[in-house]
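One letter stands for each residue in the lines below.
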Amino acid sequence: MDFLSRRTIRKFKEKNVEKEVVMELMKTALVSPSGRNQRPYEYVVIDDKEIIKKLSVSKENGAGFAAGAPLMIVIFGHVNPTWDDDCAIASTVIQLKAHELGLGSCWIQTKEKVDAEGNSTDENIKKILGAPSELKVHNMIALGYPAEEKPAYTDSDIDMAKLHFNKF
Ligand SMILES: Cc1cc2nc3c(=O)[nH]c(=O)nc-3n(C[C@H](O)[C@H](O)[C@H](O)COP(=O)(O)O)c2cc1C
């Protein structure tokens, strides 16, 4: 798989994501690497348009586009010393696997965010999904078949000054 062609996608076709594709994606997510292999993540996969709409306004900015997504995944974690890292890695694995499956996706930041009325995005999401109180929301990912095209990254996008060998 060429990961230079993975780009954030915020416009999606009306087409639903098939159950087999969802399951292939989520099986990969469920074995995503984690500290001491504790796999502290839990995923809620949402294909109900009404719930997706509610999630899209759980945060004031940067989530509105998701109202048009046929699929959302909310990544939760059981708090342990690596939960934050593990959930971020899992989210990246989801985005890369989605790309391999021909899906587009966009990561939606939720931590320390609020909705238009100032309510906590975390609390909103937990309420919408009926999440157990001990779980932490890590982020959400909107997915679907892409309805926009973005160019793959090329050498001109790559900042080699950030790359160091052996020492700075
Ligand atoms: C931690 C993180 C948080 C992000 N939060 C949002 C967000 O809330 N809303 C959004 O539309 N895009 C969000 N993005 C997508 C970024 O804007 C996007 O990855 C970035 O512009 C680079 O574009 P690319 O993914 O096409 O390389 C987020 C990405 C990351 C990794």
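Residues numbered from 1 in each chain as written. Predicted model: local features only at pLDDT ≥ 70, side-chain atom pairs only at ≥ 80, totals over all residues. Heavy atoms only, no water.

### Thoughts on the side chain of asparagine 139
Relative to the helices and strands, asparagine 139 is located in strand S4 (residues 135-144). A distance of 3.1 Å separates the side chain of asparagine 139 from the side chain of histidine 138, its partner in a polar contact. (Helix = DSSP H or I, 4+ residues; strand = E, 2+ residues; numbered from the N terminus. Polar contact = N/O pair within 3.5 Å; in protein donor to acceptor, adjacent residues only side chain to side chain.)

### What to know about the site of the ligand
Around the ligand lies a shell formed by Arg6, Arg7, Thr8, Arg10, Lys59, Gly62, Phe65, Cys106, Trp107, Ile108, Gln109 and Tyr153. Contact between the ligand and arginine 6: an oxygen atom at 2.9 Å from a side-chain N or O atom of the residue. The side chain of tyrosine 153 places a nitrogen or oxygen atom 2.4 Å from an oxygen atom of the ligand. Here the ligand has 630 Å² of accessible area as a free molecule, and 62% of this is covered by the chains. Residues that form the shell around the ligand fall into these classes: five nonpolar, three polar and four charged. (Near = heavy atom within 4 Å. Areas by Shrake-Rupley, 256 points an atom, 1.4 Å probe, with all protein chains shown as cover. Nonpolar A, V, L, I, M, F, W, Y, C, P; charged D, E, K, R; others polar.)

### Structural notes on unusual backbone geometry
Phi at asparagine 37 is positive, roughly 50°, even though this residue is not glycine. If you trace the backbone, asparagine 37 turns up in the loop between helix H1 (19-30) and strand S1 (41-46). Even without being glycine, arginine 39 reaches a positive phi, approximately 45°. On the secondary structure map, arginine 39 appears in the loop between H1 and S1.

### Some remarks on the sheet that holds strand S3 (residues 104-109)
Taken in spatial order, the four strands of this open sheet run S1-S2-S4-S3, and their pairing is antiparallel. Of all the strands in the sheet, just S1 and S3 have a single pairing partner and so form its edges. Sheet twist, expressed as the average angle between the axes of neighbouring strands with direction ignored, equals 25°. For S3 and S4, the ladder comprises six bridges, and the chain directions are antiparallel. Within S4, the position partnered with serine 105 by the bridge is leucine 143. Taken strand by strand, H1 contacts S1, strand S2 (71-78) and S4, and its axis lies near 165° from that of S1. The sheet strands contacting helix H3 (residues 83-100) are S1, S2, S3 and S4, and the helix crosses S4 at an angle near 10°. (Pairing = 2+ DSSP bridges. Axes fitted to C-alpha atoms, helices over the stretch in contact; angles between N-to-C directions. Contact = heavy atoms within 4.5 Å.)

### Observations regarding the packing of aromatic side chains
The final tally for this structure, using the stated rule, is one aromatic pair. The interplanar angle of 20° and the centroid separation of 5.3 Å between the aromatic rings of tyrosine 41 and tyrosine 43 together place this pair among those described as stacked. Residue tyrosine 43 is classed as buried on the basis of its relative accessible area of 16%. Above the face of the tyrosine 145 ring, lysine 15 is positioned so that its terminal group lies 4.5 Å from the ring centre. (Phe/Tyr/Trp six-rings, centres within 6.5 Å; stacked < 30°, edge-to-face > 60°. Buried < 20%, exposed > 50% of the residue type's maximum accessible area, 1.4 Å probe, protein only. Lys NZ or Arg CZ within 6 Å of the ring centre and 35° of its normal.)

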